[in-house]
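# Observations on the three-dimensional arrangement
Chain by chain, the residues run as shown.
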Amino acid sequence: MPYDHATIEPRWQAYWDEHQSFEAKIDEARPKYYVLDMFPYPSGSGLHVGHPEGYTATDIMARYKRMRGFNVLHPMGWDSFGLPAERYAMKTGTHPRDRTYECIDNFKRQLKMLGFSYDWSREIATTDPDYYKWTQWIFLQIWGSWYDAEQDKARPISELPIPAEVEAAGDRAVHAYRDEHRLAYLHDAPVNWCPDLRVVLANEEVAEQVEAGHEVIRVPMHQWMLKITAYAQRLIDDLDDLDWSPSVLEMQRNWICRSEGAEVVFELDGQAGPDAQLRVFTTRPDTLFGATYMVLAPEHPLVSTITTDAQRDAVEAYVKTTAHRTERERQVAAAEGDKTGVFTGAHAINPVNDQRIPIWIADYVLMGYGTGAIMAVPGHDARDHAFARTMGLPIVQVVAPATGEPIDVQAQAYPEPGVAVNSGLINDLPTAEAKQKITEWLTAQAKGEARVNYKLRDWLFSRQRYWGEPFPLIHKPSGEVASVGVDALPVELPEVDDFNPSETGEPPLAKALSWVELPDGSRRETNTMPQWAGSCWYYLRFCDPRNASAPWSSEAEQYWMPVDLYVGGAEHAVLHLLYARFWHKVLFDLGHVSTREPFKKLVNQGMVLGATYVPRDPQAASAGPKRVFVSDEVEEINLGDAVEYVHKQTREPLTIQWDKMSKSRGNVINPDEVIAEYGADTMRLYEMFMGPLEASAPWQPEGVAGCFRFLGRAYRLFFESPKDAEDRARDLGEGQGSERQRRLLHRTIADVSERIERMAFNTAISSLMVFVRDVEKDGETLGRDAAGIFCQLLAPFAPHLAEELWRALGNPQSLTYEPWPQADPALLVEDSWTLVVQVNGKRRGELKIPASLDPKQAKDEITELAMASEAVSRFVGDKPPKRVIYVPGRLVNIVLG
RNA sequence: GCCCGGGUGGCGGAAUGGUAGACGCGGGGGACUUAAAAUCCCUUGUCUUCGGACGUGCGGGUUCAAAUCCCGCCCCGGGCACCA
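Only a predicted model underlies this, so the values are computations on that prediction, with no experimental measurement involved.

## Regarding the overall build of chain A
The number of helices and strands found in chain A is 31 helices and 35 strands. In terms of overall dimensions, chain A has a C-alpha envelope of 100 × 85 × 65 Å along the principal axes. In chain A, which comprises 897 residues, the proportion classed as buried is 51%. Counted over contacts in chain A with a minimum sequence separation of 6, partners at least 24 positions apart contribute 70%. For chain A, the exposed surface amounts to about 40,700 Å²; the carbon and sulfur share of it is 50%. For chain A, the separation between the mean place of its 94 positive charges and that of its 130 negative charges on side chains is 4 Å.

## So, the packing of aromatic side chains
Counted according to the given criterion, the structure contains 47 aromatic pairs. A centroid spacing of 5.9 Å and a plane angle of 85° characterise the contact between Phe461 and Phe471, whose relative ring orientation is edge-to-face. A residue pair is termed long-range when its members are at least 10 positions apart, and Phe461 in the loop between β19 (459-460) and β20 (473-475) and Phe471 in the loop between β19 and β20 qualify at 10 residues. Assessed through its relative accessible area of 0%, Phe461 is described here as buried. Ring centres of Tyr559 and Trp560 lie 4.7 Å apart, and the angle between their planes is 80°; this geometry places the pair in the edge-to-face category. Trp560 carries the same exposure label as Tyr559, and that label is buried. Members of the aromatic cluster, each reached through a chain of ring pairs, are Phe139, Tyr147, Trp224, Tyr231, Trp459, Phe461, Phe471, Trp532, Tyr579, Phe582 and Trp583.

## Looking at helix α28 (residues 799-808)
Because each turn of an α-helix spans 3.6 residues, side chains separated by three or four positions in sequence point in the same direction. When you tally the buried positions in α28, you get eight out of 10 residues, the bulk of the element. Every buried residue belonging to α28 is among Pro799, His800, Leu801, Ala802, Glu803, Glu804, Leu805 and Trp806, and all of these are buried. Of the surrounding secondary structure, the elements contacted by the buried residues of α28 are α1 (5-19), α2 (51-67), α23 (680-689), α24 (701-718), β30 (719-720) and α27 (784-794). Two residues or fewer after α28 comes Gly810, characterised by a positive phi angle close to 100°.

About the criteria used
Numbers given for residues are sequential positions, taken from 1 along each chain in its written order. The naming scheme follows written order: chains are lettered A onward, ligands numbered 1 onward. In view of the model being predicted, local features appear only for residues whose pLDDT reaches at least 70, and side-chain atom pairs are presented and counted only at 80 or more, with totals across whole chains, interfaces and linings using the full set of residues. Just so you know, side-chain values use all the structure's heavy atoms and leave hydrogens and water out. In this description a helix means any DSSP run of H or I spanning at least four residues, a strand means any run of E spanning at least two, and both kinds are numbered starting from the N terminus. For each residue, the accessible area found with a 1.4 Å probe, counting protein chains only, is set against the maximum for its type, and the residue is called buried under 20%, exposed over 50%, and partly exposed in between. Whether two residues are in contact is decided by their heavy atoms, any of which lying within 4.5 Å being enough. Shrake-Rupley sampling with a 1.4 Å probe provides the accessible areas, and residues are treated as covered by the protein chains on show and by no other component. Lys and Arg are tallied as positive, Asp and Glu as negative. Neither His nor the chain termini are counted. The atom standing in for a charge is NZ when the residue is Lys, CZ when it is Arg, CG when it is Asp and CD when it is Glu. Between 30 and 60 degrees the pair is tilted, below 30 it is stacked and above 60 it is edge-to-face, where a pair is any two Phe, Tyr or Trp rings, Trp via its six-membered ring, whose centres lie within 6.5 Å.

Encoded structure:
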């Protein structure tokens, strides 16, 4: 009987389950290794072959580290709150909970079929009240804290110093003062409001609804915000210690985006009082003399107060138009040169030269960045320049190139640094010094100060949905917000039968009156938390998932944390990782965790791409609606040195295109089918063999078959496959076999080990393939001990087959905890090595050099051998070489004149 | 527009300054078979006057030596986007 995965795989999966082979227990005597996957959202369409790429990589590491003697924690769970289940509920009436747990069952079934070595006893779902109880608990920690800038850490709100004048103003004032300083606070933030549907839309939904004819406007809504900006600098600084790819570190830094500059105060002309000023942030205070107008974001709170009656209609119309555009639309339109804006009628006074300059509003200025207002320097900023040209505003040059080269700022902005001109007290100073001097002057005049600004914004943390964690907060009749108290956790979601928002646009929870209204007249908060909440701390819960009295014990946290290896998609490179790091730092400040950072090493796996087909003729492709075909509709014609695709019916020539797999594109491969045909081991092997883990690669069914053939060959090293008989184990030889086999074996041990350490799994698999091929070629029977070592090397990649073969060798135990084999260095040394002979850098021949000539010592002898070689005499003749380069163990290069 | 990746045979890829194309797929030839499947063996970058020449997106450069380092450009993918 040939290799029969369908029998082998379920057998070993049952064995692992029964023996709880992968259960992790704290063991101070052994080093720990925590290897984590980004846990999935269990979608209705189930797993596709992209999911298991990362899961296979972590499983290889988990199995490898176990064999290396590490105590491995390798858990899996479900990020199960989310919009799709709620949508499904609205459509079908199925409770999101029912749908969610159905999907989880399906995902779990699929993952189990792949033979991953998860400790399933630690399985968690963010939607379990036992889990979200602690999500709410962490929220209360955050809400119950303030950021002490002096100590640079979060502290309990009870330790917040209350200024005497606040104290004197009474309890209400004290309460309000505390609320202002909490890390979770209420704030009016703009949302995408769809009046027709009475719902708040996610950014990605806006286009769809607008296309469907619905109006979507940006309106401010009272929302919970988390003060992640307090951590901006630490979130940047602590990146330095992480073993993450440089590109992800770069993305995180760019997202937070620190910039240094100054905040400058402009007085409003003709108005007095502390409110009569406009604060702007600028990275170029040295260009202050060139500020010829100001621009406010249309949402800026001062807009309505400063606008003159003559301009009011125009301003209000513009504000209204802006509300219909998403932030992205505004920015795209403006980037395409479409500068719009309206004069408010008001003026400000430039603090450096007392010039009266007009104040405009324009949607190229965003409320969410800096102060929501800018000083415009059209001479030295391309955006301001374009706006000034469009609106006919003056352009003044205040920086000249240091080279003295003449420029014309009327024609084009000059944003580079240079030397200040037309700038009063900073004239002739280079940009860096000019910035410093003008900032000092502003500070002395109390008209500004140096400031660091971050692009990072506070985190909008509330959603108007049902299927999320309820906030553990109540609103008292007095208007004060209070915690429900830790003892009242979890605040469970009420049972409702309608998941739509209320008539007035309140969240669905507002309709559960018996839940919302409390006996003392308080009302529960009816927003829910975003999906990020549960995924911000699940790695901590995995350390101690069944703890009923705490989110985790400090014993478990101190033993398992930090996560040693974290693998997931690049789409989470910014937000998820930033939010989780932020929560972790709050927990660190409050003494709940012992590490500054949660994830030591991070790897982003690439995408698995699926095929679709489009017309090859560009005219046919662009004419009419876009036509895309899926594999079933396409015939592949192999021309030997090329492949062509045609439509099965119409015979239209097509080209293949590769995209990220998605249900909507129709290019998804279902792992169930792959496993049914080839088995989990083949699937795992192919996932890793496709290419480097971090690269995206197309899913090619022929490649899967190649991996299957390899496993079949490996199987036949152990078993005869006579035609009409049951499998019979081969008579294996003794020990590690012939010297040649031993050398091959130890070379393979060394290569596979080193490649797993580097997570270069595709090349590790290729070593295993070479081993099997060469043993076959060798003809001699494989030694029994060599066969055992091969099983060990194969185990991380194809664990079912490895166990099966290991058992066939007579081993009664699973090889999960067998020690990883060590390569014998003596066997890695070859008896001879190949010296390449180059002439003028071109390869002209090679020589076998016996190992008795040490490549490092015997430079002269080796060079001599090369000089005497046939290649040299042919290409050099008797010309004396100008130079001879010797690279030990590699080559001799003879350079002629 | 900016930022980050990437571009190597018919295809996935290997090689991170030192033999370009490991390993796999696909192709060609053969063995076994009544035949097919499965399996196994040989072969497979291009051109060639059979000496060799060319070849890692394109053009330059550094070096005895470049897929690899540097400069400029083109193309593909992803992210961000008037970020003051």
